[in-house]
Every structure is written in C-alpha cells, then in structure tokens.
Amino acid sequence: MRCQQASNRKYLARKTCPSMERVQPDRHPGSGHGGREEREPKYLQVRDCRGHRTLALEVPCTRLKRPPHPLNNEGRDEVAFTRRGKARLAGCTVFITGASRGIGKAIALKAAKDGANIVIAAKTTHVNPKLPGTIFTAAEEIEAAGGKALPCAVDVRDEQQISNAVEKAVEQFGGIDILVNNASAISLTNTLETPTKRVDLMMNVNTRGTFLTSKACIPYLKKSKIAHILNLSPPLNLNPLWFKQHCAYTIAKYGMSMCVLGMAEEFKGEIAVNALWPKTAIHTAAMDMLGGSGIESQCRKVDIIADAAYSIFKKPKTFTGNFIIDENILREEGVKNFDIYAIKPGHPLLPDFFLDEHPDTITKKMESHDAVPELKEEKSQSPPKPRSGAVAETFRIVKDSLSDDVVKATQAIYQFELSGEDGGTWFLDLKSKGGNVGYGEPSDQADVVMSMSTDDFVKMFSGKLKPTMAFMSGKLKIKGNMTLAIRLEKLMNQMNARL
C-alpha cells in the first residue's frame, strides 16, 4: 500500500507489511484546514500481506524523518523509514536458513528493524568456541532490533526438521512471506582430494537443502502478496576455471542457482525467485577459517549483503529469475560510497568466486598452467645442489625464524613446486624438532603441496600477495590438508616484517 495522505498526515503501519490496504480510516476532529492541535494516537484498520485485518498506528508526518538515503551509513538507524515513510517489512515473516551468524543474521537484523518476524532456522544451539553465535543469541539480537524471533534448530539435510520449523512459523506468525536460503557448506578441494563424505555434505546442504526448504515454504509463500525466495548463490558462470580447482563445491553451489532458474519460471507471477552474490569477499567466520588471520582487511562487512537483500525484497513479484550482484543493485539504489562497507576502507578487496572480473588475467593464468614444466623429471636428472636467488633467500629467512614453539603450533610438512627462475621442489618441515627447510623433497610425506611461480612465492611470503587471493585467482594450487595450509598463512603473517 502506498502511504495514505489526509490533512497533511501519513500513516506508518508498524506491525504490518508492505502490501497493506487501508480499510475504514478513523476521522480526527480538527483535521481540516489549519487544524494542528495535539491529539491522542489513533489507529486504522489495514490488511496485511496475507489479506488479514490488523491495526496500524497513525503517525503525523512531522514525526517522520527522511534520511538522506535509506541505505547510507548516517541513516542506518532510520532505514525502516523508506521514501514514503513506511516500514516495508513490518509484520512480514522471513524464514532464513543459517541465520545464527554471518550473512544470514545480518539479513535477519535488517528486516527486524522494520518490525519483521524472523524464523532463525540453523543448527547451532550450543556455544561453539570456533563459531560465534547460536539460534538463541541471534533471537535476542533480533528482538532488541525491533523484530519478533522464532529460533528453530534445523539441519537443512533433515527434511523433517525443515517441515517442523515451517509448521511452527505458520502456527506462530500466520504464514511465510520471504524465504532466504543462506545455509551452505564449502570445501575448496580438487576432485581427488575431496572425500565422499565432504561431497555429500555440500550436495545435501547447498543443493538438496535449498530445494527442500523452498518446497516446504512454497505453499505458504503462494498466499503472500510479497512472496520472495532469495538464494545466496552465484551467477551460473561456465568458465572452466571455476570447476577446475573445486569441482564438487562449484556443482553444489550452482545447484542452488539452478533452483532459481527453475522455480522462477515455475512460480512466475506467484513468487519472486532470485539469487544474490557478493562482488567481493565478505567477512564471516567461514572466511576467517578459509583465509586465516588478517583476511578481514580484504573483505567487506555483511551489511552490504543485508542492504542488497532488503532492496530485492522491495521489488514486485515480477522481478524474478535474476542473478544479482550486491554492489550493482545498491548502485541502482543510489549508493555511491562503498567504503562504508569495507572492514578497512581503502584497502584492496578480495574478489569473490565465480565472477570473471579480469578475463585477461584468467586467460594468461590458464595459458601459464599449460607451460609449467614437469618438475619431477628435472629432479631426477641432477641431485640437489646449493641454491641462490630470491627463493633461497626467502627460505633462509624462514629457517632463521623457526623455533620449537612454531613447530609445535603448526605440525605440518609443506612441499613447494615452484616454476620459473630459481624454481624446483622445496620443502618446509614444521614437524621435526626445531623445524627445517631445504631444496628437494622432504624426508617424510608432505601434508600440503603448493604449486606456483617463484615470483608469486616470494610475494606471498613477503606479504605482497595474500595466499587466499593467490588461491582464488589461480596463481596458487593446493593439494592436501586445507586446514594445515591455513596454518601456514598465519606463520607468514608473523614473518612478513622480516621478509
């Protein structure tokens, strides 16, 4: 409903939703020309997004402050008041998977500021020292922000748990208006290094979980006047680059995007179905685990996804079947200053997966892979000999930095396959007492094998190239234990000053 105007007044429905229709407005004495005396608050009957009658508070327009822009930093506290002074999601029910932390919780808090009902469908019910937040702590934050919360313990791999949560939501809030499929599992490993158990996890959480949750919510979404399904999944980019490094993860994530294609067409006119994906890396607990200490400086805050999602929820049902990039839709909304979303404004940002921002770089990268020499043949032709150059100097400094404490904290053997000048096979042994480095293969089997050029190796150890950026851009290939690979990045951060 567009805000109603009568005698210089606007109506703000604080506990209803965007599609409200006005019914039987109260008449107020002195509301004619020049009537401006103080009165007791009045209410009018409206219809909510499912056609039910409810009460909405009548607020004089002089009490409504219009921010410079609903999404800018200064106006963030007033974001519930849109251009026409209306809380768009007030009284609407938003069902969000994986909402106990990160992006899911950020979207929940954004909607809560409008007075929305939030169903927190996530697994975490007890505090985990490695992952902050539970469904109950998220519920407390949502209530504090102005919304109503229903915490539900849900593993999206379990169809019965999904059904139970949907039933509870409908019983408590009367229906479901928006579904956000945010829950996801990730493993950035190649085909031979991905255990079947991990494949099953990604397929069941990402693709199957999204499908089942959507299926359970759709009968109720059909009854809503603002029905939306939003999947946190990427555009379907078929560049082989995005399959080569982590085939199983890409398939699982693209399954969520294919749900958008199919359901947008299947439920056209009834439910808007879209996908949202960040242009840059977003700082979450998962990103910390993947990128290690210091990665946050290359990321944006979860707020940018929350603001982008809010913009999508304002769209009509005809806005469907779209693969939306967060920055693009916010630019359309008029946002110009994106530094407000940066963890460290002005710092270079890490591009997210599945977006070909620099096609020339990708082409050169793929060509360079074909040109990498067979290093094993080189090793068999001549025995290891004293080395010199930037790589050897880097390893010398690394060796001087080793200690029993570093070895005890790391407990891993790393092998480096380096192409280019001063290349070859090198190792870093952080299992043996005191640690060791050298040219050639380690005496024991390596836990992690890293392949890259010598130039990128030196840049990585000197802090000029972040390992996560190198990996995501294809400059670094990793085989073996990803957790141990992340431990090495933490060690690099300690050494950067010396290198």
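Residues numbered from 1 in each chain as written. Predicted model: local features only at pLDDT ≥ 70, side-chain atom pairs only at ≥ 80, totals over all residues. Heavy atoms only, no water.

- Labelled according to an unreviewed UniProt entry, the protein appears under the name Hydroxysteroid dehydrogenase-like protein 2, originating from Ursus maritimus.
- UniProt lists a comment for the protein under the heading Sequence similarities (unreviewed entry), and it reads "Belongs to the short-chain dehydrogenases/reductases (SDR) family."
- Recorded in UniProt for the protein, the comment headed Function (unreviewed entry) runs: "Has apparently no steroid dehydrogenase activity. Controls bile acid (BA) and lipid metabolism in response to nutritional cues." (UniProt positions renumbered as here; feature names shortened; annotations may be inferred.)

## Details of the overall build of the protein
Next up, step 1: Counting its regular elements, the protein contains 16 helices and 16 strands.
Next up, step 2: Across the 499 residues in the protein, those meeting the buried criterion constitute 52%.
Next up, step 3: Taking as baseline every contact in the protein between residues at least 6 positions apart, the subset at least 24 positions apart corresponds to 71%.
Next up, step 4: Accessible area of the protein: about 23600 Å², with a carbon and sulfur share of 50%. (Helix = DSSP H or I, 4+ residues; strand = E, 2+ residues; numbered from the N terminus. Buried < 20%, exposed > 50% of the residue type's maximum accessible area, 1.4 Å probe, protein only. Contact = heavy atoms within 4.5 Å. Areas by Shrake-Rupley, 256 points an atom, 1.4 Å probe, with all protein chains shown as cover.)

## Overview of the sheet that holds strand β10 (residues 272–277)
In a beta sheet, neighbouring strands are held together by backbone hydrogen bonds and run either parallel or antiparallel to one another.
Next up, step 1: Strands sit in the order β7-β6-β5-β8-β9-β10-β11 across an open sheet of seven strands; the sheet is parallel. The open sheet is flanked by β7 (148–153) and β11 (323–325), the only strands paired with a single partner. On average, each strand axis in the sheet is inclined to that of its neighbour by 20°, with strand direction left out of account.
Next up, step 2: Sitting on the sheet, helix α1 (residues 102–112) is in contact with β5 (93–97), β6 (117–122) and β8 (178–181), with an inclination near 170° to β5.
Next up, step 3: The sheet contacts of helix α6 (residues 247–266) involve β8, β9 (228–231), β10 and β11, and relative to β10 the element is tilted by about 150°. (Pairing = 2+ DSSP bridges. Axes fitted to C-alpha atoms, helices over the stretch in contact; angles between N-to-C directions.)

## A word on a nonpolar patch on the surface
Next up, step 1: There is a patch of nonpolar side chains on the surface, built from L236, M258 and L261 and spanning about 270 Å² of accessible area.
Next up, step 2: As for its position among the elements, M258 is in helix α6.
Next up, step 3: The class of M258 is exposed, set by a relative accessible area of 55%. (Patch = residues over 30% accessible without salt bridge, like charges linked within 9 Å, V, L, I, M, F, W, Y side chains within 5 Å. Salt bridge = Lys/Arg side-chain N within 4 Å of Asp/Glu carboxyl O.)

## Quick notes on the sheet that holds strand β15 (residues 448–453)
Next up, step 1: An order of β14-β13-β12-β15-β16 is seen for the five strands of this open sheet, with the pairing classed as mixed. The sheet terminates laterally at β14 (436–439) and β16 (477–480), the two strands that pair on one side only. In this sheet, adjacent strand axes meet at a mean angle of 15° when their direction is disregarded.
Next up, step 2: Sheet topology note: the strand β13 (residues 424–430)/β14 ladder contains four bridges and is antiparallel. Looking across to β14, one finds that W426 is bridged to Y439.
Next up, step 3: On top of the sheet, helix α12 (residues 390–401) reaches β12 (412–419), β13 and β14; it is set at about 5° to β13, its chief contact.

## Some details on the packing of helix α3 (residues 159–173) against helix α4 (residues 196–221)
Next up, step 1: Between α3 and α4, the shortest axis-to-axis distance is 10 Å and the interhelical angle comes to 30°. Between α3 and α4, the interaxial angle falls into the category roughly parallel. Handedness of the α3/α4 crossing: right-handed. In this structure, α3 contributes E159, I162, V166 and V170 to the contact, and α4 contributes G209, L212, T213, A216, C217 and Y220.
Next up, step 2: Taken together, the residues of the contact of α3 with α4 break down into seven nonpolar, two polar and one charged. (Parallel < 35°, antiparallel > 145°, perpendicular 65-115°, else oblique. Left-handed = near helix turned anticlockwise from the far one by under 90°. Nonpolar A, V, L, I, M, F, W, Y, C, P; charged D, E, K, R; others polar.)

## Let's talk about the packing of aromatic side chains
Each pair of aromatic rings is reported with the distance of its centres and the angle of its planes.
Next up, step 1: The tally for this structure, following the rule as stated, stands at 16 aromatic pairs.
Next up, step 2: Ring geometry for W242 versus F354: centroids 5.8 Å apart, planes at 55°, classification tilted. Here W242, found in helix α5 (residues 241–244), pairs with F354, found in the loop between α9 (326–332) and α10 (359–370); they are 112 residues apart in sequence, far enough to count as distant.
Next up, step 3: Measuring from ring centre to ring centre gives 6.1 Å for F338 and Y341, while their planes differ by 40°; the resulting arrangement is tilted. (Phe/Tyr/Trp six-rings, centres within 6.5 Å; stacked < 30°, edge-to-face > 60°.)

## Focus: the side chain of T213
Next up, step 1: Examined against the element boundaries, T213 turns out to sit in helix α4.
Next up, step 2: Overall, the relative accessible area of 1% leaves T213 in the buried class.
Next up, step 3: Among the polar contacts made by the side chain of T213, one reaches the main-chain carbonyl oxygen of G209 at a distance of 2.8 Å.
Next up, step 4: Apart from the residues within four sequence positions on either side, T213 is in contact with F95, T97, V156, I162, L179 and N181. (Polar contact = N/O pair within 3.5 Å; in protein donor to acceptor, adjacent residues only side chain to side chain.)

## Side note on helix α8 (residues 303–313)
Next up, step 1: In terms of burial, α8 is a largely internal element, ten of the eleven residues being buried.
Next up, step 2: Looking at the buried side of α8, the elements it contacts are α1, β8, β9, β10, β11 and α9.

## A few points about α3
Next up, step 1: Between its terminal C-alpha atoms α3 stretches 21 Å, which fits the 21 Å expected from 15 residues at 1.5 Å a residue.
Next up, step 2: What α3 keeps buried is the set I162, A165, V166, A169, V170 and F173. Buried residues of α3, seen end-on, are gathered within an arc of 130° and therefore sit on one face of the element.
Next up, step 3: Structurally, α3 contributes buried residues whose contacts are with β5, β6, β7 and α4.
Next up, step 4: Two or three places before Q160, at the opening of α3, D158 has a side-chain oxygen 2.9 Å from that residue's backbone nitrogen.
Next up, step 5: Of the residues flanking the end of α3, it is G174, one or two places downstream, whose phi is positive at about 90°. (Expected span 1.5 Å × (residues − 1). Arc of directions from axis to C-beta.)

## Notes on the pattern of salt bridges
Next up, step 1: A full pass over the atoms with the stated rule returns twelve salt bridges.
Next up, step 2: Salt-bridge contacts for K279 lead to E327; the nearest nitrogen and oxygen are separated by 3.5 Å. Within this pair, whereas K279 is found in the loop between β10 and α7 (285–291), its partner E327 is found in helix α9, the two being separated by 48 residues in sequence.
Next up, step 3: For K279, a relative accessible area of 26% gives the class partly exposed.
Next up, step 4: Looking at E327, the relative accessible area reads 5%, which means it is buried.

## Notes on unusual backbone geometry
Next up, step 1: Notably, F354 is not glycine yet its phi reads approximately 75°, a positive angle.
Next up, step 2: The phi dihedral of Q411 falls on the positive side, at around 50°, and the residue is not glycine.
Next up, step 3: Structurally, Q411 is set in the loop between α13 (404–410) and β12.
Next up, step 4: Judged by its relative accessible area of 38%, Q411 is partly exposed.

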